[in-house]
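Observations on the model geometry
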Amino acid sequence: MCGIVGIIAAEQDVSADLVRGITRLEYRGYDSCGIALKNGSGIVINKEIGGPTKLGSDGFFEGLSGSQGIAHTRWATHGGVSKSNAHPHLSSDGSVAIVHNGVLTNYREIRDRLIEDGVSFQSETDSEISANLIAQELHGEGDIRDAVLRAARQLRGTYAIAIMVESDPNRLWAIRQESPLVVGFAKDRVIVASDPMALASGCDALVHVEDGEFVEITPNSCKILRIADGEEVEREKTPITGMLEDPELGQYPHYMAKEMAESSDALRAALALPLEVVDAAAEELINARRAFLTGMGTAYHMAYFGHHLLASLAKVYCPVVTSDELPSVVTFEQGDAVLGVSQSGETYDTLRALRTAHAAGARTLAVCNVQNSSMARQVDRLLFQGAGAEVAVLATKSAMSQSFVLARVALQAGRKNGNLTVEQHAAFEKELQELPAVIEEWRERIDQESREAAVRFLGLEKWFFLGRGLYAPVALEGALKFKEVTYRHAEGMAAGFLKHGTISLIDPEMGTAMFLPPAAEEELRQLTMTALEEVRSRGGPMLAVGSLEDSERQQVDACITTPGKSLLTDGFLQILAGQYLAYHTARALGRDVDRPRALAKSVTVP
């Protein structure tokens, strides 16, 4: 999940662009960061606890210069958050510096062997062994390329590693295995990075490095080789069109607030996804021998939301399984289909699940927000969200967009298999077309009532988020958002589960957020209200999210109101309500809403 950048230029100083690059990748980790530059005195490293934005504004990186360098922003996996564990890492003899994203599973074995050979280590990380391993191989036969290849063949696990060798003034090196890596080309430099977001500094083309590949870059060229046999790989450059610029905050205090406000635009972009693409995805799910939905975190909850819509609108049963478990519980065969959901398109567990399915002959599909990501390039069919860049770690507008794309797929599936009449399909289609405007109409009220609820319940340190049917995944997502950014306990579950054990936790100190179906969903509504009454009878504070009759308002302490228009419209508005509740509670508690502790936006490690 860490962000890595390496730049080599002919003569120009690259230090400012390195810092700019890791600042653009800060969503990948901000426990610590650092840069390594090569100048006439060898390799110079500056690293410290804290993210690039804070350290950069404090002048931490000033006074450094060099025409080649590597940089890193860290999300800690092996070893705590400390200066010694921060990247870049330097080999004990000072000859090699590296930055690493991923997890090396055989690092203990290599570390023990190197220690026996007299190598000393300064950190607790798995990453540092790669610098020392390359340094040791430099003493063997062949040139630097041979040494790096020999070292890479000994590594196991996941990695994108950028490498700088003190004795080579004209080249940088990089290797990849199951961790994203791209190379960008500008007029006067070449950049290697873990994300195209770091390439906006004048790059007009890029190449994607694939698993098991080795990259040798100079100020004006890039050579790709296979790690296994050293054979060169030919790959055409991809023009960079519409590269995202740094998003501006504008009138908003935080990126999370800005991105929630952009939800309606994200849905309009999802409406622009060509109907034939949606149709083809629906066809695949209908005709598959077995079809599965999968994702992790928020993406899993949006897949769960899609699972309910496919069942209700199309009578298509697509089990939803978390990506980390899917390969363990399903033996894929030809004729199966798997639809993965991922904002970044680099989510390790979801990529692994899709690769496992593909290897067994299953068809793979993805709802994804990054068009040239690993997932987008590898699946058989891509449904591109087009929600635009998110800077805040918590997925907001992209989550709304994911669920909207899945709603379009479910609607088309219902039309194609005859579960929806022409009239029913037209009514639902009209509802989807109108949804962006409905969100704009209701967002301000949801924002205000969420702020009031956050203040009212600020003293509560533990919560249940409950819902039934389509509102079960809405509740799970609300709970996830709440704990991610407030650091307070929130447990989401289907409301029917409450009385099967967990109701014993209800007391005046346990808050409950109940997500209510519209009154038109009479049976589902009554079952949900029964759960609400069970909580109230035990003295639990109650926040309702949805529409309430006047006679029902006395049963709750506060309400975030949605129109109660239909199951579909209220589902989307209540996802948004959960986001605003988390946001305002976090603000009242003084949390960093854009960069919550211990989180990264793109989870690229096992």
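Computed from a predicted model, the values in this text were never measured in an experiment.

**Overview of helix H9 (residues 298-314)**
An ideal rise of 1.5 Å per residue puts 24 Å on 17 residues; H9 measures up with 23 Å between its terminal C-alpha atoms. Burial of H9 is extensive: 14 of the 17 residues sit out of reach of the surface. With its phi angle positive at about 55°, Lys-315 sits one or two positions after the end of H9.

**Some thoughts on the packing of aromatic side chains**
Across all of its chains, the model carries eleven aromatic pairs by this definition. Above the face of the Phe-185 ring, Lys-237 is positioned so that its terminal group lies 4.0 Å from the ring centre. A cation over a ring is seen here: Arg-597 above Tyr-487, with NZ or CZ 4.0 Å from the ring centre.

**With respect to the sheet that holds strand S5 (residues 89-90)**
The strand order across the open sheet built from seven strands is S5-S6-S7-S8-S12-S13-S14, with neighbouring strands paired in antiparallel fashion. Edge strands, defined here as strands with exactly one partner in the open sheet, are S5 and strand S14 (232-233). Relative to strand S12 (residues 213-218), strand S8 (residues 172-177) runs antiparallel, the two being bridged by five bridges. Following the sheet pairing, Ala-174 is matched in S12 by Val-215. In the packing of helix H4 (residues 128-137) onto the sheet, the strands contacted are S5, strand S6 (96-104) and strand S7 (157-165), and the crossing angle to S6 comes to about 130°.

**Considerations on the state of the cysteines**
Considering all chains together, one arrives at zero disulfides under this definition. With no disulfide of its own, Cys-203 has Cys-222 as its nearest cysteine by sulfur position, at a separation of 12 Å.

**Examining a negative patch on the surface**
There is a patch of like negative charges on the surface, built from Glu-109, Asp-112, Glu-116 and Asp-117. By the secondary structure assignment, Asp-112 is in helix H3 (residues 107-116).

**Brief notes about helix H11 (residues 348-359)**
With twelve residues, H11 should reach 16 Å at 1.5 Å per residue; the first-to-last C-alpha distance of 16 Å fits that figure. Burial in H11 covers these residues: Tyr-348, Asp-349, Thr-350, Leu-351, Ala-353, Leu-354 and Ala-357. Of the surrounding elements, those touching the buried residues of H11 are S7, strand S16 (291-295), helix H10 (326-329), strand S18 (337-342), strand S19 (363-368) and helix H12 (374-378). Just beyond H11, the residue with positive phi is Gly-361, at close to 100°.

**Re the environment of Ser-123**
Within the secondary structure layout, Ser-123 lies in the loop between H3 and H4. Once the C-alpha coordinates of Ser-123 and Asp-336 are considered, the two residues, 213 residues apart in sequence, prove to be 46 Å apart. If sequence neighbours within four positions are ignored, Ser-123 has contacts with Ser-84, Asn-85, His-89, Arg-111 and Glu-128.

**Examining the pairing of strand S23 (residues 510-515)**
Burial runs high along S23: six of the six residues are buried. Neither face of S23 is left uncovered, since the one carrying Met-510, Thr-512 and Met-514 and the one carrying Gly-511, Ala-513 and Phe-515 both have all their residues buried. When strand S21 (residues 462-467) meets S23, the two strands line up parallel, connected through five bridges. In the strand pairing of S23, Phe-465 is matched with Ala-513. By the bridge criterion, four bridges tie S23 to strand S24 (residues 542-546) in an arrangement that is parallel.

**Topic: the environment of His-307**
By the element assignment, His-307 lies in helix H9. Judged by relative accessible area, His-307 falls into the buried class, the value being 14%. Considering only alpha carbons, one finds His-307 and Val-183, 124 residues apart in sequence, at a separation of 38 Å. The residues touching His-307, leaving out its near neighbours within four places in the chain, are Leu-293, Tyr-317, Cys-318, Pro-319 and Val-320. Here the side chain of His-307 touches Cys-318 through a polar contact of 2.8 Å, landing on its backbone oxygen.

Here is what the cut-offs are and how they apply
Residues numbered from 1 in each chain as written. Predicted model: local features only at pLDDT ≥ 70, side-chain atom pairs only at ≥ 80, totals over all residues. Heavy atoms only, no water. Helix = DSSP H or I, 4+ residues; strand = E, 2+ residues; numbered from the N terminus. Expected span 1.5 Å × (residues − 1). Buried < 20%, exposed > 50% of the residue type's maximum accessible area, 1.4 Å probe, protein only. Phe/Tyr/Trp six-rings, centres within 6.5 Å; stacked < 30°, edge-to-face > 60°. Lys NZ or Arg CZ within 6 Å of the ring centre and 35° of its normal. Pairing = 2+ DSSP bridges. Contact = heavy atoms within 4.5 Å. Axes fitted to C-alpha atoms, helices over the stretch in contact; angles between N-to-C directions. Disulfide = S-S within 2.5 Å. Patch = residues over 30% accessible without salt bridge, like charges linked within 9 Å, V, L, I, M, F, W, Y side chains within 5 Å. Areas by Shrake-Rupley, 256 points an atom, 1.4 Å probe, with all protein chains shown as cover. Salt bridge = Lys/Arg side-chain N within 4 Å of Asp/Glu carboxyl O. Lys, Arg positive; Asp, Glu negative; His and termini not counted. Charge placed at Lys NZ, Arg CZ, Asp CG, Glu CD. Polar contact = N/O pair within 3.5 Å; in protein donor to acceptor, adjacent residues only side chain to side chain.

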